[in-house]
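Spelled out, the chains give:
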Amino acid sequence: MSGDAAGKAAWLGNVLEMDDVHRAAILHPGPVIWPTVLGVGTDSLDEALDAGVRGYDAMIAIGSMLDGRHYAYWHNTATAGGFGAATAAAFRLGASETQLVSALGLAGSVTGGFWQMRHEPVMAKQWHLAHAMTTGSAAARQAVAGVTGPRLIFEGPQGLFAATCDAPKPLDLPEEWRIGEVSFKPWGACRHAHPAIDAALELKAKGALEGPVTVSTYRDALVFCDRADPANVIEAKFSLQHAIAIVMERGVPQLADFEPEAIAALAETRALVSVIEDEQFTNVYPVHFGAGVSTDLGAVVLADALGDPERPLSEQGVIEKARALMAWGGVDAAAMEDAIRITLEGDRVSDITALLEDWL
């Protein structure tokens, strides 16, 4: 895949807020890692998958070391993403251990992205993913060509931890590949809103989601998603109140439910929703993303969201999510089924990149 197409794929991977997520690292690996492995290296799908799994491991391990002070200002996907892309690309290019270290050092020397974009109706968050992908890929290529990077990019006196963290966490490398810890997002909203959506759906199925509604959840869910009056699509995707209003009035959230028509139509229902912090959820976050939803008619409390490893989305659920995304992008039904078949049965990178190049 061309660099231009890979950059577009990374950017588009987050635009609907339906990318994958790792809870402890609080980041989204997929839109960074997969365009990287499709845009670098040979046509072997096995080699691409191997590099992708390693890129996930690096990105998650590094993101998991970042502390609360870092996450308060820095976008973890942007910070750790360049490291993940550099790792994936380095393995695709057959880098030596020394070259891999340099690739990580080069990528890390320009890492990071500020959360300021949350306060403005802009698309910097999506650009962060494309930037992480292109920067990490370039770092790997340059390292293989002989450019050296700093070895102590994390723990050095003017490295990442010194600049952005109060108390970085120890490096954790479990025996299993960490891609298995990643969650799939079934709804087109910020992941912090998902456990509340799931609890509201269960309460609605019981006929008890009526009248004033209280959402109790962890602190970061409120920091990111306490937004009673969203003014645009991005704000609607980061609004617990809007998410619950969708469930109350329409049921299972659809992508269109976060668009301007729905934002205007659900204003009165949003006013019925209040949100509060509950320490039972804050104390186990980010290992678990939980929430409770209560009304005068009942309550539902969930420790984890649908799509988490504890509550996995089925293969059919993933396929249906893919169909919904492709339909939103204007892909016709026949092309959708071709894409699904190639993804499940293909054995060459070019089988997949040909489709993406055509769409992008």
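Provided above is the structure to which this section pertains.
Criteria and cut-off values
Residues numbered from 1 in each chain as written. Predicted model: local features only at pLDDT ≥ 70, side-chain atom pairs only at ≥ 80, totals over all residues. Heavy atoms only, no water. Helix = DSSP H or I, 4+ residues; strand = E, 2+ residues; numbered from the N terminus. Rg over C-alpha atoms; globule rule 2.2 N^0.38 Å. Areas by Shrake-Rupley, 256 points an atom, 1.4 Å probe, with all protein chains shown as cover. Lys, Arg positive; Asp, Glu negative; His and termini not counted. Charge placed at Lys NZ, Arg CZ, Asp CG, Glu CD. Pairing = 2+ DSSP bridges. Axes fitted to C-alpha atoms, helices over the stretch in contact; angles between N-to-C directions. Polar contact = N/O pair within 3.5 Å; in protein donor to acceptor, adjacent residues only side chain to side chain. Contact = heavy atoms within 4.5 Å. Buried < 20%, exposed > 50% of the residue type's maximum accessible area, 1.4 Å probe, protein only. Patch = residues over 30% accessible without salt bridge, like charges linked within 9 Å, V, L, I, M, F, W, Y side chains within 5 Å. Salt bridge = Lys/Arg side-chain N within 4 Å of Asp/Glu carboxyl O. Phe/Tyr/Trp six-rings, centres within 6.5 Å; stacked < 30°, edge-to-face > 60°. Lys NZ or Arg CZ within 6 Å of the ring centre and 35° of its normal. Disulfide = S-S within 2.5 Å. Parallel < 35°, antiparallel > 145°, perpendicular 65-115°, else oblique. Left-handed = near helix turned anticlockwise from the far one by under 90°. Nonpolar A, V, L, I, M, F, W, Y, C, P; charged D, E, K, R; others polar.

Participant: I would appreciate a short explanation of the overall build of the protein chain in the present structure.
Facilitator: Along its length, the protein chain carries 18 helices and four strands. For 360 residues, the compact-globule estimate of 2.2 N^0.38 gives 21 Å, and the protein chain sits close to it at 20 Å. As displayed, the protein chain has an accessible area near 15,700 Å², and 56% of this comes from carbon and sulfur atoms. Here the protein chain contributes 25 positive and 47 negative side-chain charges, whose respective centroids are spaced 2 Å apart.

Participant: What is the right way to look at the sheet that holds strand β3 (residues 291-295) in this model?
Facilitator: Strand pairing in a sheet is mediated by backbone hydrogen bonds. Such pairs are either parallel or antiparallel. Taken together, four strands build an open sheet; the order of strands is β2-β1-β3-β4 and the sheet is mixed. In this open sheet, the two edge strands, each paired with only one partner strand, are β2 (273-277) and β4 (298-302). Across the sheet, the mean angle separating the axes of adjacent strands is 15° when strand polarity is ignored. Pairing geometry for strand β1 (residues 213-217) and β2, over five bridges, is parallel. The residue bridging T217 from the neighbouring strand is E277, located in β2.

Participant: Please explain the side chain of D19 as it appears in this structure.
Facilitator: Relative to the assigned elements, D19 resides in the loop between α1 (3-12) and α2 (30-39). Here the side chain of D19 touches N14 through a polar contact of 2.8 Å, side chain to side chain. Setting aside residues no more than four positions away along its own chain, D19 makes contact with G13, N14, H28, P31, L129 and K185.

Participant: Got a minute to help me understand the environment of F91 in this structure?
Facilitator: Summarising the element assignment, F91 is placed in helix α5 (residues 76-92). A relative accessible area of 40% places F91 in the partly exposed class. Expressed as a C-alpha distance, the spacing of F91 and D50, which sit 41 residues apart in the sequence, is 8.3 Å. Residues within four places of F91 in sequence aside, it is in contact with A51, R54 and L100.

Participant: For this particular structure, what's the right way to read unusual backbone geometry?
Facilitator: In this model, Y285 is joined to P286 through a cis peptide bond whose omega is 5°. Here P286 shows up in the loop between α15 (279-282) and β3. With phi around 60°, E17 is a residue other than glycine that occupies positive phi space. On the secondary structure map, E17 appears in the loop between α1 and α2. In this structure, I26 takes a positive phi of about 55° despite not being glycine.

Participant: What should I look at first to understand a negative patch on the surface in this one?
Facilitator: A surface patch of like charges, here negative, comprises D43, D46, E47 and D347. For D43, the position within the fold is in the loop between α2 and α3 (45-65). D43 gets classed as partly exposed once you look at its relative accessible area, which sits at 35%.

Participant: Where do I start with the pairing of β1 in this structure?
Facilitator: Within a regular beta strand, the side chains point alternately toward one face of the sheet and then the other, so they alternate between its two faces. Most of β1 sits out of view: four of its five residues are buried. Pairing between β1 and β3: four bridges, direction antiparallel. Bridging across to β3, T217 finds its partner in A291.

Participant: Sorry, what's going on with the packing of aromatic side chains here?
Facilitator: Two aromatic rings are characterised by how far apart their centres lie and by the angle between their planes. A full pass over the atoms with the stated rule returns 10 aromatic pairs. Where W74 meets F114, the ring centres are 4.6 Å apart and the plane angle is 40°; that geometry is what we call tilted. Here W74, found in the loop between α4 (68-73) and α5, pairs with F114, found in the loop between α6 (97-108) and α7 (124-144); they are 40 residues apart in sequence, far enough to count as distant. Three or more aromatic residues link up through ring pairs in this structure, and these residues are Y71, W115 and F224. Its end group placed over the ring of F224, R118 keeps NZ or CZ at 4.2 Å from the ring centre.

Participant: Which parts of the structure should I look at to understand helix α18 (residues 349-359)?
Facilitator: Each α-helix turn comprises 3.6 residues. Residues three or four places apart therefore point the same way. When α18 is considered as a whole, its buried residues turn out to be V349, D351, I352, T353, L355 and L356. Lining the buried residues of α18 we find α2, α3, α5 and α17 (333-345).

Participant: I keep staring at the state of the cysteines and nothing clicks. Help me out?
Facilitator: Here a disulfide denotes a covalent bond joining the sulfur atom of one cysteine to the sulfur atom of another. Inspection of the entire model under this criterion finds zero disulfides. C225 carries a free sulfur, and the closest cysteine sulfur to it, the one in C190, is 3.7 Å from it.

Participant: In this structure, what is going on with the packing of helix α9 (residues 194-205) against helix α12 (residues 240-250)? I would like to understand it.
Facilitator: In the contact formed by α9 and α12, the axes pass within 9 Å of each other and the chain directions differ by 25°. Between α9 and α12, the angle falls in the class roughly parallel. Note on packing geometry: the crossing formed by α9 with α12 is right-handed. Mapping the contact onto sequence places A196, I197, A200, L201 and K204 in α9 and L240, A243, I244, V247 and M248 in α12. Tallied by class, the residues present in the contact of α9 with α12 amount to nine nonpolar, no polar and one charged.

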